[in-house]
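A structural walkthrough
Here are the chains, one letter per residue:
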Amino acid sequence: FPLVVITALAALTRESAYFIPMFYLAVHHRSVFADRSARVAFAAVSAAAAVTYVGLRVVLGWSGAASVFYAWQWRFNFEWTALTGTAMLLASLMLLLADGRNYRERIWFTVLVAPYLVFVHIFAAPWEWRLWVPVLVPLAVLQVIPERGETGNRGRVKGASSSDAN
């Protein structure tokens, strides 16, 4: 339930909050497909994002959301600054998708946000790093957090001695 509230509140401020359900699905994809309670949790988080978006559009109007489709940015995205931004994104993605912890989860998340990556190149300026933060930060988090089963009973990483905890 707290994740539903966080998603709804985050969606009030930024559209990239809709990556929260995608991150949940990337991390819990096995249980979402196998366990009913995980499917319900994913559906609730997704519904919170969708209902918040539609609610904002009803209250604020659809004109702001529709105007983005008139701002076709892609013709400018073949200039050197845009190509540099795209190159930096690809380099960052390659580093964050390199083999390591939570590899499947990182691939899942990247696949789930792929439409966003395409839309940024069509409707936005790919050299604006603020647009990549909602993609790169979750990938970095998945890269550094322990995989499931990698922690012991007391929350320490397997193989770590008690002196490592201090």
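So, here's what we can say about the structure.

**Description of unusual backbone geometry**
Look at asparagine 102: it is not a glycine, yet its phi comes out positive at around 50°. You can see asparagine 102 is positioned in the loop between helix 5 (80-96) and helix 6 (103-123).

**So, the packing of aromatic side chains**
Per the counting criterion, the structure on display carries seven aromatic pairs. Considering the side-chain rings of phenylalanine 19 and phenylalanine 109, the 6.1 Å spacing of their centres and the 90° angle between planes classify their relative orientation as edge-to-face. Of this pair, phenylalanine 19 sits in helix 2 (residues 19-34) while phenylalanine 109 sits in helix 6; the two residues are 90 residues apart in sequence, bridging distant segments of the chain. Considered together, phenylalanine 19 and phenylalanine 109 belong to a single accessibility category, that of buried residues. The structure contains a cluster of three or more aromatic residues connected by ring pairs, namely Phe19, Phe23, Phe109, Tyr116 and Trp132.

**As for the nonpolar core**
If you look at the biggest cluster of nonpolar residues, it comprises 16 residues, and the most contacted ones within it are Leu93, Val135 and Leu139. Of all the secondary-structure elements, those providing two or more residues to this core are helix 2, helix 5, helix 6 and helix 7 (133-144). When residues of this core are assigned to their parent elements, the largest contribution, four residues, is made by helix 6. If we skip the residues at most four places from it in the chain, leucine 93 touches Leu117, Val135, Leu136 and Leu139.

**Here we look at helix 5**
With 17 residues, helix 5 extends 24 Å from end C-alpha to end C-alpha; this agrees with the ideal 24 Å at 1.5 Å per step. Considered for burial, the residues of helix 5 that qualify are Ala82, Gly85, Thr86, Leu89, Ser92, Leu93 and Leu96. Burial along helix 5 is one-sided: seen end-on, the buried residues are contained in an arc of 125°. In helix 5, those exposed residues whose orientation departs by more than 90 degrees from the buried face are Trp80, Met94 and Leu95. For helix 5, the secondary structure elements touched by its buried residues are helix 6 and helix 7.

**Brief notes about helix 3 (residues 36-60)**
Taking 1.5 Å per residue as the helical rise, helix 3 with its 25 residues ought to reach 36 Å, and the 35 Å between its terminal C-alpha atoms agrees with that figure. Along helix 3, the positions that sit buried rather than exposed are Ala38, Val45, Ala48, Ala49, Thr52, Leu56 and Arg57. In the segment just after helix 3, glycine 61 is the residue with positive phi, at about 100°.

**Quick notes on the packing of helix 1 (residues 2-13) against helix 2**
Put simply, helix 1 and helix 2 touch, their axes get as near as 9 Å, and they point 145° apart. In contact with Leu3, Thr7 and Ala10 of helix 1, helix 2 contributes Ile20, Pro21 and Tyr24. Within the contact of helix 1 with helix 2, the residues separate by chemical class into five nonpolar, one polar and no charged.

**Some points on the pattern of salt bridges**
Opposite charge on two side chains makes pairing possible when the charged atoms of those side chains draw close. As enumerated under the stated definition, the model contains one salt bridge in all. Between glutamate 105 and arginine 30 there is a salt bridge, with its nearest N and O atoms 3.4 Å apart. Taken together, the positions of glutamate 105 in helix 6 and arginine 30 in helix 2 put the pair 75 residues apart, joining distant regions of the chain. Since its relative accessible area comes to 47%, arginine 30 is described here as partly exposed.

Criteria and cut-off values
Counting restarts for each chain: residues are numbered from 1 in the order of the written sequence. In keeping with the model being predicted, local features are shown solely for residues with a pLDDT of at least 70 and side-chain atom pairs are shown and tallied solely at 80 or more, while totals for entire chains, interfaces and linings include all residues. Processing note: side-chain calculations cover all non-hydrogen atoms of the structure and skip hydrogens and water entirely. Where helices and strands are cited, they refer to DSSP runs of H or I of at least four residues and of E of at least two residues respectively, numbered from the N terminus. Only rings of Phe, Tyr and Trp enter the pairing, Trp through its six-membered ring, and a pair is recorded when the two centres are within 6.5 Å. The plane angle decides the type: under 30 degrees is stacked, over 60 is edge-to-face, the rest tilted. Exposure classes here rest on a 1.4 Å probe applied to the protein chains alone. A residue is buried below 20% of its type maximum, exposed above 50%, and partly exposed in between. Only buried Ala, Val, Leu, Ile, Met, Phe, Trp, Tyr and Cys residues count toward a nonpolar core, and they belong to the same one when joined by side-chain atoms within 4.5 Å. By definition, residues are in contact when any of their heavy atoms lie within 4.5 Å. To estimate the expected span of a helix, subtract one from its residue number and multiply by 1.5 Å. In this description, the arc belongs to the directions extending from the helix axis to the C-beta atoms. The convention used is that axes are lines fitted to C-alpha atoms, helices contributing only their stretch in contact, and that angles between N-to-C directions extend from 0 to 180 degrees. By the convention adopted, Pro, Cys, Tyr, Trp, Phe, Met, Ile, Leu, Val and Ala count as nonpolar, Lys, Arg, Asp and Glu as charged, and the other residues, Gly among them, as polar. Salt bridge, as used here, is a side-chain nitrogen of Lys or Arg placed within 4 Å of a carboxyl oxygen of Asp or Glu.

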